[in-house]
Number of protein chains: 2
Amino acid sequence: MTALWVIVLCGALSILYAIWATSSVLKSDAGNPRMQEIAAAVAEGAQAYLKRQYMTIAMVGVVIFALLAYFLGMLVAIGFLVGAVLSGAAGFIGMNVSVRANVRTAQAATTSLAGGLELAFKAGAITGLLVAGLALLGVTIYFAYLTQIMGLKANDRVVVDALVALGFGASLISIFARLGGGIFTKGADVGGDLVGKVEAGIPEDDPRNPATIADNVGDNVGDCAGMAADLFETYAVTAVATMVLAAIFFANSPLLVNMMTLPLAIGGVCIITSIIGTFFVKLGASQSIMGALYKGLIATGVLSLLGVAAVIHWLIGFGPLEGVKFTGMALFWCGVVGLAVTGLIIWITEYYTGTDYRPVKSIASSSVTGHGTNVIQGLAISMEATAMPAIVIIAGILITYSLAGLFGIAIATATMLALAGMIVALDAFGPVTDNAGGIAEMAGLPKEVRKSTDALDAVGNTTKAVTKGYAIGSAGLGALVLFAAYNEDLKFFIANAAKFPYFQGVLPDFSLNNPYVVVGLLFGGLLPYLFGAMGMTAVGRAAGAIVEEVRRQFREKPGIMQGTDKPDYGKAVDLLTKAAIKEMIIPSLLPVLSPIFVYFAIYAIAGGGAAGKSAAFSAVGAMLLGVIVTGLFVAISMTSGGGAWDNAKKYIEDGHYGGKGSDAHKAAVTGDTVGDPYKDTAGPAVNPMIKITNIVALLLLAILAH
Amino acid sequence: MTALWVIVLCGALSILYAIWATSSVLKSDAGNPRMQEIAAAVAEGAQAYLKRQYMTIAMVGVVIFALLAYFLGMLVAIGFLVGAVLSGAAGFIGMNVSVRANVRTAQAATTSLAGGLELAFKAGAITGLLVAGLALLGVTIYFAYLTQIMGLKANDRVVVDALVALGFGASLISIFARLGGGIFTKGADVGGDLVGKVEAGIPEDDPRNPATIADNVGDNVGDCAGMAADLFETYAVTAVATMVLAAIFFANSPLLVNMMTLPLAIGGVCIITSIIGTFFVKLGASQSIMGALYKGLIATGVLSLLGVAAVIHWLIGFGPLEGVKFTGMALFWCGVVGLAVTGLIIWITEYYTGTDYRPVKSIASSSVTGHGTNVIQGLAISMEATAMPAIVIIAGILITYSLAGLFGIAIATATMLALAGMIVALDAFGPVTDNAGGIAEMAGLPKEVRKSTDALDAVGNTTKAVTKGYAIGSAGLGALVLFAAYNEDLKFFIANAAKFPYFQGVLPDFSLNNPYVVVGLLFGGLLPYLFGAMGMTAVGRAAGAIVEEVRRQFREKPGIMQGTDKPDYGKAVDLLTKAAIKEMIIPSLLPVLSPIFVYFAIYAIAGGGAAGKSAAFSAVGAMLLGVIVTGLFVAISMTSGGGAWDNAKKYIEDGHYGGKGSDAHKAAVTGDTVGDPYKDTAGPAVNPMIKITNIVALLLLAILAH
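Quantities reported herein were computed from a predicted structural model and do not represent experimental measurements.

**Observations concerning the overall build of chain A**
Consideration 1: A tally of regular secondary structure across chain A gives 19 helices and 0 strands.
Consideration 2: By its C-alpha atoms, chain A is 80 × 55 × 45 Å across when sized along the principal axes.
Consideration 3: Across the 706 residues in chain A, those meeting the buried criterion constitute 70%.
Consideration 4: By sequence separation, contacts in chain A at least 24 residues apart represent 83% of the contacts at least 6 residues apart.

**Section: the UniProt feature "site: Determinant of potassium independence" (unreviewed entry) in chain A**
All names here are of chain A.
Consideration 1: UniProt tags Lys 464 as "site: Determinant of potassium independence" (unreviewed entry).
Consideration 2: As for its position among the elements, Lys 464 is in helix H14 (residues 447-495).
Consideration 3: Lys 464 sits in the buried class, given a relative accessible area of 9%.
Consideration 4: Dropping the residues within four chain positions of it, Lys 464 is found in contact with Asp 223, Asp 427 and Asp 680.
Consideration 5: Among the polar contacts listed, one links the side chain of Lys 464 to the side chain of Asp 223, at a separation of 3.0 Å.

**Observations concerning the confidence of the model for chain A**
Consideration 1: When pLDDT is averaged along chain A, the result is 92, and 100% of the positions lie at 70 or above.
Consideration 2: In the predicted assembly, ipTM is 0.94 and pTM is 0.94.

**Examining the side chain of A:Lys691**
Residues and elements named next belong to chain A.
Consideration 1: For Lys 691, the position within the fold is in helix H19 (residues 663-705).
Consideration 2: With a relative accessible area of 0%, Lys 691 lands in the buried category.
Consideration 3: A polar side-chain atom of Lys 691 sits 2.8 Å from a polar atom in the side chain of Thr 234.
Consideration 4: In this structure, Lys 691 is in contact with Asp 230, Glu 233, Thr 234, Val 237, Ala 475 and Leu 482, ignoring residues within four places of it in sequence.

**Observations concerning helix H6 (residues 212-249) of chain B**
Residues and elements named next belong to chain B.
Consideration 1: Under the 1.5 Å per step criterion, the end-to-end length of H6 is 54 Å for 38 residues, consistent within 8% with the ideal 56 Å.
Consideration 2: Largest kink in H6: about 25 degrees, centred on Gly 226.
Consideration 3: Counted residue by residue, H6 has 36 buried out of 38 residues, so it is predominantly covered.

**Some points on the pattern of salt bridges**
All names here are of chain A.
Consideration 1: Evaluation of the coordinates by the stated rule reveals 60 salt bridges over all chains.
Consideration 2: Note that Asp 489 and Arg 157 form a salt bridge whose closest N and O atoms lie 3.0 Å from each other. Highlighted residues: Asp 489 in helix H14 and Arg 157 in helix H5 (residues 157-200), separated in sequence by 332 residues.
Consideration 3: Under the relative-accessibility criterion, Asp 489 is labelled buried at 2%.
Consideration 4: We note a salt bridge from Arg 552 to Glu 549, for which the minimum N-O separation is 2.9 Å. With Arg 552 and Glu 549 both in helix H15 (residues 515-556) and 3 residues apart, this pair spans about one turn of that helix.
Consideration 5: On the accessibility criterion, Arg 552 (24% relative accessible area) is partly exposed.
Consideration 6: One continuous salt-bridge network, built from bridges that share partners, spans Lys 186, Asp 189, Asp 223, Lys 464, Lys 468, Asp 646, Lys 650, Asp 676, Lys 679 and Asp 680.

**Quick word on empty space enclosed by the protein**
A probe as big as a water molecule, rolled over the atoms, marks out the empty space that is left.
Consideration 1: For the coordinates displayed, the defined rule picks out 13 cavities of 30 Å³ or more.
Consideration 2: Within this model, the largest cavity holds a volume of roughly 180 Å³.
Consideration 3: Around the largest cavity, the lining comprises 16 residues; the ones closest to its centre are A:Tyr529, A:Ser637, A:Tyr678, B:Tyr529 and B:Tyr678.
Consideration 4: Breaking the lining of the largest cavity down by element, the ones donating at least two residues are helix H11 (371-384) and helix H18 (609-653) of chain A together with helix H11 (371-384) and helix H18 (609-653) of chain B.

**What to know about the relation of the copies chain A and chain B**
Consideration 1: For the match of chain A to chain B, the screw axis carries a shift of 0.0 Å, the RMSD comes to 0.0 Å, and the turn is 180 degrees. Taken together, the rotation angle and the small translation identify this as a two-fold axis. Identified as the residue of chain A closest to the rotation axis by C-alpha distance is A:Ser511, at 2.0 Å.

**Digging into unusual backbone geometry**
Consideration 1: Phi is positive for A:Gln287, close to 60 degrees, though the residue is something other than glycine.
Consideration 2: In this structure, A:Gln287 sits in the loop between helix H7 (256-278) and helix H8 (289-315).
Consideration 3: Here A:Gln287 falls in the partly exposed class, since its relative accessible area comes to 46%.
Consideration 4: Unusually for a residue other than glycine, B:Tyr657 sits at a positive phi of about 50 degrees.
Consideration 5: Residue position: B:Tyr657 is located in the loop between H18 and helix H19 (663-705).
Consideration 6: Taking the relative accessible area as the measure of exposure, B:Tyr657 reaches 39% and is therefore partly exposed.

**Structural notes on the environment of A:Glu488**
All names here are of chain A.
Consideration 1: Relative to the assigned elements, Glu 488 resides in helix H14.
Consideration 2: Remark: the alpha-carbon pair of Glu 488 and Leu 245, spanning 243 residues in sequence, is separated by 7.4 Å.
Consideration 3: Apart from residues lying up to four places away in sequence, Glu 488 is in contact with Leu 245, Ile 248, Phe 249 and Leu 406.

**Quick word on helix H8 (residues 289-315) of chain B**
Residues and elements named next belong to chain B.
Consideration 1: Here H8 is 27 residues long and its end C-alpha atoms lie 38 Å apart, about the 39 Å a rise of 1.5 Å per residue gives.
Consideration 2: In this structure Ser 288 caps H8, since a side-chain oxygen of it lies 2.8 Å from the backbone nitrogen of Gly 291.
Consideration 3: Following H8 by one or two positions, Gly 317 adopts a phi angle in the positive range, close to 80 degrees.

**So, the interface of chain A and chain B**
Consideration 1: The partner chain B presents 65 residues to the 65 residues of chain A that form the contact.
Consideration 2: Interface area for chain A against chain B, summed over the two sides, is near 5,900 Å², with a carbon-plus-sulfur share of 84%.
Consideration 3: Where chain A packs against chain B, one counts 0 salt bridges.
Consideration 4: Summed over the shared surface of chain A and chain B, the result is 5 residue pairs in polar contact (both at pLDDT 80 or more).
Consideration 5: Among the secondary structure elements, those contributing two or more residues to the side of chain A that touches chain B are H5, H11, helix H12 (387-418), H14, H15, helix H17 (569-605), H18 and H19 of chain A.

**Digging into the packing of helix H2 (residues 33-72) of chain B against helix H3 (residues 74-109) of chain B**
Residue and element names in this part refer to chain B.
Consideration 1: Where H2 meets H3, the closest approach of the two axes is 10 Å, and the angle between their N-to-C directions is 175 degrees. Viewed along their axes, H2 and H3 adopt a mutual orientation that is roughly antiparallel.
Consideration 2: Taken together, the residues of the contact of H2 with H3 sort by class into 23 nonpolar, 8 polar and 1 charged.

**Focus on the nonpolar core**
Consideration 1: Counting 566 residues, the largest nonpolar core has A:Leu331, A:Tyr486, B:Phe168, B:Leu331 and B:Tyr486 as the members making the most contacts within it.
Consideration 2: Ignoring anything within four residues of it in the chain, the contact list for B:Leu331 reads B:Met259, B:Leu262, B:Ile312, B:Ile316, B:Leu321, B:Phe326, B:Ala404, B:Phe407, B:Gly408 and B:Ile411.

**Quick notes on a nonpolar patch on the surface**
All names here are of chain A.
Consideration 1: A contiguous nonpolar surface patch, about 520 Å² in accessible area, is contributed by Leu 13, Leu 16, Ile 19, Ile 272, Ile 276 and Phe 280.
Consideration 2: Looking at the nonpolar patch, the elements with two or more residues in it are helix H1 (2-27) and H7.
Consideration 3: Tracing the sequence through the fold places Phe 280 in the loop between H7 and H8.
Consideration 4: By relative accessible area, which is 41% here, Phe 280 ends up partly exposed.

**Quick word on the environment of A:Ile348**
Residues and elements named next belong to chain A.
Consideration 1: Considering the arrangement of structural elements, one finds Ile 348 in helix H9 (residues 328-353).
Consideration 2: Classification of Ile 348 as buried rests on a relative accessible area of 3%.
Consideration 3: In the structure, Ile 348 is positioned 87 residues away from Asn 435 in sequence and 28 Å away in space, judged by C-alpha atoms.
Consideration 4: With near-sequence residues (within four places) excluded, Ile 348 lies in contact with Met 388, Pro 389 and Val 392.

**Observations concerning the side chain of A:Glu549**
Residues and elements named next belong to chain A.
Consideration 1: Residue classification places Glu 549 among the buried residues on the basis of a relative accessible area of 7%.
Consideration 2: A polar side-chain atom of Glu 549 sits 2.8 Å from a polar atom in the side chain of Gln 553.
Consideration 3: Discounting chain neighbours no more than four positions away, the residues touching Glu 549 are Lys 571 and Leu 575.

**A word on the layout of surface pockets**
Consideration 1: Approximately 480 Å³ is the volume attributed to the second largest pocket.
Consideration 2: Lining the second largest pocket are 24 residues, and of these A:Thr537, A:Gly540, A:Arg541, B:Ser362 and B:Gln377 lie nearest its centre.
Consideration 3: Residue assignment for the lining of the second largest pocket shows that the elements contributing at least two residues are H15 and H17 of chain A together with helix H10 (358-366) and H11 of chain B.
Consideration 4: Tallying contributions element by element places H15(A) first for the lining of the second largest pocket, with 11 residues.
Consideration 5: Residues that form the lining of the second largest pocket fall into these classes: 9 nonpolar, 9 polar and 6 charged.

Rules used throughout
Residues numbered from 1 in each chain as written. Chains lettered and ligands numbered in written order. Predicted model: local features only at pLDDT ≥ 70, side-chain atom pairs only at ≥ 80, totals over all residues. Heavy atoms only, no water. Helix = DSSP H or I, 4+ residues; strand = E, 2+ residues; numbered from the N terminus. Buried < 20%, exposed > 50% of the residue type's maximum accessible area, 1.4 Å probe, protein only. Contact = heavy atoms within 4.5 Å. UniProt positions renumbered as here; feature names shortened; annotations may be inferred. Polar contact = N/O pair within 3.5 Å; in protein donor to acceptor, adjacent residues only side chain to side chain. pLDDT = per-residue confidence, 0-100. Expected span 1.5 Å × (residues − 1). Bend = angle between axes of the 7 residues up to and from the residue. Salt bridge = Lys/Arg side-chain N within 4 Å of Asp/Glu carboxyl O. 1 Å grid on protein atoms, 1.4 Å probe; cavity = no way out; pocket = protein on both sides within 12 Å on 5 of 7 lines; lining within 4 Å. Points joined across faces, edges and corners; volume = space filled by probe spheres on them. Least-squares fit on C-alpha atoms with pLDDT ≥ 70 in both. Buried area = accessible area lost by both parts, 1.4 Å probe. Axes fitted to C-alpha atoms, helices over the stretch in contact; angles between N-to-C directions. Parallel < 35°, antiparallel > 145°, perpendicular 65-115°, else oblique. Nonpolar A, V, L, I, M, F, W, Y, C, P; charged D, E, K, R; others polar. Core = buried A, V, L, I, M, F, W, Y, C linked by side-chain atoms within 4.5 Å. Patch = residues over 30% accessible without salt bridge, like charges linked within 9 Å, V, L, I, M, F, W, Y side chains within 5 Å. Areas by Shrake-Rupley, 256 points an atom, 1.4 Å probe, with all protein chains shown as cover.

Listed below in structure tokens is the structure:
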């Protein structure tokens, strides 16, 4: 049991790091009063949005808490609460640091690029380590509480259900935050660009544009808080699913507790390696920002290899393991595969979204012949970009399965996600620099400052795309682990049907010959499409509302354009807040309710009774895989395609094909606009959507068992 | 055995209809010499393309013929030849009528809309009935030859393999024709529009545009010949798959031959109802073209209900059937479900692509805020458009399976496809009217003529979208039947492993718990994405080449724009022919080679031997379903989305949101351009791609068994 407390210590380290880094960020110069005024407006808007979002989620959450308490007991419901609150906290704290770091980054960039990078990255690292640390602490402490203080057996159903509920809490925050934040940020971005850049002919982040504060708010609530919730969820859910698998596979083994502890221990050691890694991020002589970030990532990766080896040696040893056919060494190799998959997906995503390679260049060159060809080529690239990641994931499954069966896939995924602290750090520095650029522009700082923040921002675009690729790749693998958990859980209930009478006579048939399985696959397959459609439409609607609002302000206060009158920034923020909250609810409920709907619909169609249950469990299981199969492709194509469009525009702005203002540039702006909701709203939200469907199915099992 | 000859008679009727209708078309006035000159250029280009395409396919075909003859014997190889030749013939004859009917339709439209409609529809009906008739004749006569003249048992392996090979022949033509034709037509369309409408500012079909003949050629080789090959394949493959299932399910039943004949008989009777239906297509007092077409379709549908009932009564009766748990009546209801699915999919597709409903209007209204929002909304609609068809297909599977098991699904699909004659007729009239409009424009006919042909053309857009929805819906169901055939075939070989020693010890596990199944699903899932990406890129490249060529001609012959010099139309046609042929090869081979690659890769990875074979067969089976799951969504989203974009442009051109020339119109043109390769190249080609993957897997089984 020492192990659990050592892991808690690792988690606590991340909090300490966050406290230290926060105080170090806050100590920096916050710039002149104009800058502070702008930053305050952004912070205020972001806090107002987040407050409203959390209140809305709280209303849904209270209902779910009550349902869980009623059906599965208080301990399970509290697990749900822990997951939701900690996920919310990670996003909330991270964002609050972010809205303070933005202006300080802008100020630091007035003196040097290195200074700006250091500040922005430190702010990102706070979010990153809080995401990993709080998720790890939540799962570990609640697990320790249940098993140590409550004295429950590690694989007691209450423990398993409570952990799954913890994951569900995180998932619920995640889907709302990803979608709501995504709609907000892209509604502001698309709407603001359309009415500002295109109609009024003023540059991005021009203070005369009433949507400009909203745009900066969006960066924080979408790219920072939303992304943090997403990764928190992926981290927590994967850890939980791996623990559930361990609880089932090693139920009668003396290794039970250590196996359930293993994913947490891997998480713990990787927090230490991530913290060490942050100190490797230093701008070298080459002034390559990406190079500086990669130094940190590579340091973390290499150290993690050693760390994972140490953890496995300590907890289970490298030799043969009792009761299973694989060795500790095999599990170590699975961890290595997890790290390799991470590296490959990062590399592939960079290939598809970086300005140095064929895909982005091909979109840029097709912009010369117009808007239409730009979009056609962008769509082609977005579809093509799915192939290599899918093959990497396929290879990962084949190798880890042959090494250590389903548990091997789980350990690989857990190791992959253990790096989340570092990866989120790379991502969360993006909105800070994006905001810093906005503040520099609005406050009228000298051009060189904007140049520094733009350089940081361009790298932020790539790291954002890379993080999404990582999140979705790990979500794909994580969802397979969840499906395995569903399947093993179901087997467990059936085997113990004497204790769980609902499962008497149930014989699920997950074979592809079973039409209910085919139906489940198709139904699951349609969810990401419908969900994506809803997300895209919501952004279109929100952007349209912003266009109307800005036009109204320009019309009613002609002084705004002359600079003699101030636009009403708050109105746009408020409007988007309402729109995003309203639009996020129905699509978010789609994956929550679908497993329940499919279960009872198929149960009824198949004639009820044990046969109906068997059919329904089969269809729900297939639905989980169906969601993964299309979801993976929808999500990767959207996030990579969107990133490629964005950077094709940047590539042209760097002076290719006529540069800024050319016809090719106009076409590239169209592509970028299309890519916005692709990469920042619908695409990344598919990720929590996949997992929430799976985790609701797991909870459904638990509820039916009661 | 009378039944088979009666079916042949029905097939022969379709040929008679085609001969009668052709002579009636050819007797019409072919217009003035200028019109005839243009039509001749189009016909020449189309024939040149088709010749080259068939020659290229022939080279691939000869290799496959030899392989089949070597591995499975001459009778099987001849089956392949029959499928390929008849599919080619249907496209070739249909297209040759089409390129003659176009100019006559233009001429007829000079006097009345009704006259134009009658001629164009008659030309379409020739293609439609030849597709259904030749497919039916091919399968029926070869089946009769093998069983009657060669004296083989109806479910002899040679018969089964020969029928599957016949389907493969049709598939091979289909994928090349769909893709090659699609690249040609959209390369010409996109490229011609970009350089003509956008750059040079001349209207569509302006004779000064060197790409204009190529555009009209494209309509014929893509929308006529390509589509005919696609539907021929779907028809033949579904009939064959249903027969294979019957051969397995009723192997020891006296009903064997009648059950194998049933799908053919349904096809036969529906040819008669389709012919009758064509005479219902008459412009009523309301002058509604769509109404006239629907009259024909509804007449065919209602009569087919009676016809299917009669056929079932005659062949197997409505009562209980020996050896199975369902009745003849249940099979009749499955047929009804097939017709209902057809009706619903047509209705849903019209909803998503028609100018009267929310989806198209929402795209049009989002064009007001620019190119970007048009594309965003179009993509949202394209994704949303998949949900309802998927649910209809799911419902169809659930109902027919509960009525009569897997064979029920097969009969529903066979009935759905039996209407192909009529549906293709509705579709194939589109390219004729599209060409007629082009000829009217180029020959400088009065404006009213163009108005008539435009009215016909607009309806053609909707019927094209509707046919694609039908083709993909039926392909989705047909592919499930093929998967069932794969699965049953595999079971058969394993059960008879004494005779087929390759299958000794093979134990495929199609359960979703099997990681090889998950891997297969993911690999299958990536194929439509990769294939779609290749198709889109190919169109972009071909269009780019056309832009270069037209620019060159304008540059080198400045007289073209002044009307003093003639453009070199042949050069553009020739260039596209080469580009389309070159670009179609690799993507077409992707689905052909994938099952073979996956089988041997997984066999090796899983360690060879019986275990390796089991893993490999499981992965290949899952791959077949993976292709269907993502393919269905990719195909429906592309074809419906493309249709919606096209009609949103038309809706604006009808005077909404500022009409032609407005900014909204420009944005809508961008959307239409994006939709072009979506709906006419990549989307519809996914359809044969899905099936070819399945049918290659079936052949692989047969080859391994030898």
